[in-house]
Amino acid sequence: MAEGTPAAVASSRWVPAADQLPRDLAELAGPVHGAVTLPLHLAWSGLRTFDLSDEKLLLGMYRIVLLNGHREDYANYLNAAVLESRWPVLRKMLGRGVRGVWEERFPRLRPAAAA
């Protein structure tokens, strides 16, 4: 991997290590309805319970999990179909490193022009 690519800089605390990402988006089997309460290791300050029927709360929860989670958190709290459908908005809410690692692992998340 070339230096400077997202996977090469994945050792930062602000970028998930590639080995923490799911191998396949199908592993993301989190809820799509109802209220979700995140554990303290993900949401240690502020709102912890998110009503997934509220788009802003859903996006906020996904942002928290994407920024602070690990493989088990992704599988438990993210849903593949929801992630894919909301990715165009979510990717703007994430840092370049997080966005880059996820898009490198899952090319179908990349914007059409970059794919």
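One can find the structure itself at the top, above this paragraph.
These remarks concern the structure in this document. (Residues numbered from 1 in each chain as written. Predicted model: local features only at pLDDT ≥ 70, side-chain atom pairs only at ≥ 80, totals over all residues. Heavy atoms only, no water.)

## Regarding the environment of Leu 52
Phase 1 of the analysis: Of note, Leu 52 is situated in the loop between β2 (49–51) and α1 (55–68).
Phase 2 of the analysis: Once you skip the residues sitting within four places of it in the chain, Leu 52 turns out to touch Pro 31, Val 32, His 33, Gly 34, Val 36, Leu 58 and Met 61. (Helix = DSSP H or I, 4+ residues; strand = E, 2+ residues; numbered from the N terminus. Contact = heavy atoms within 4.5 Å.)

## Details of the side chain of Glu 103
Phase 1 of the analysis: Turning to its location among the elements, Glu 103 is positioned in helix α4 (residues 96–105).
Phase 2 of the analysis: Here Glu 103 falls in the buried class, since its relative accessible area comes to 9%.
Phase 3 of the analysis: In terms of polar contacts, Glu 103 uses its side chain to reach the side chain of Trp 87, at 2.8 Å.
Phase 4 of the analysis: Within the structure, the side chain of Glu 103 is placed 2.6 Å from the side chain of Arg 91, a separation counted as a polar contact. (Buried < 20%, exposed > 50% of the residue type's maximum accessible area, 1.4 Å probe, protein only. Polar contact = N/O pair within 3.5 Å; in protein donor to acceptor, adjacent residues only side chain to side chain.)

## Brief notes about the nonpolar core
Phase 1 of the analysis: Among the nonpolar cores identified, the biggest contains 31 residues, and Leu 38, Met 61, Leu 83 and Trp 102 are the most heavily contacted of them.
Phase 2 of the analysis: Secondary-structure elements contributing two or more residues to this core are α1, α2 (71–77), α3 (80–93) and α4.
Phase 3 of the analysis: Ranked by residue count, the leading element in this core is α1, at seven residues.
Phase 4 of the analysis: Not counting residues up to four positions away in its chain, the partners in contact with Met 61 are Val 36, Leu 38, Phe 50, Leu 52 and Tyr 77. (Core = buried A, V, L, I, M, F, W, Y, C linked by side-chain atoms within 4.5 Å.)

## Here's the deal with the side chain of Arg 99
Phase 1 of the analysis: Note on placement: Arg 99 falls in helix α4.
Phase 2 of the analysis: Buried within the structure, Arg 99 lacks any salt-bridge partner; its nearest side chain of opposite charge belongs to Glu 103, at an N-O separation of 4.9 Å.
Phase 3 of the analysis: Polar contacts involving the side chain of Arg 99 include one to the main-chain carbonyl oxygen of Leu 94, which spans 3.2 Å.
Phase 4 of the analysis: Leave out the neighbours within four places in its chain, and Arg 99 touches Trp 87, Arg 91 and Leu 94. (Lys, Arg positive; Asp, Glu negative; His and termini not counted. Salt bridge = Lys/Arg side-chain N within 4 Å of Asp/Glu carboxyl O.)

Spatial relationships are all this shows, so hold off on functional conclusions.
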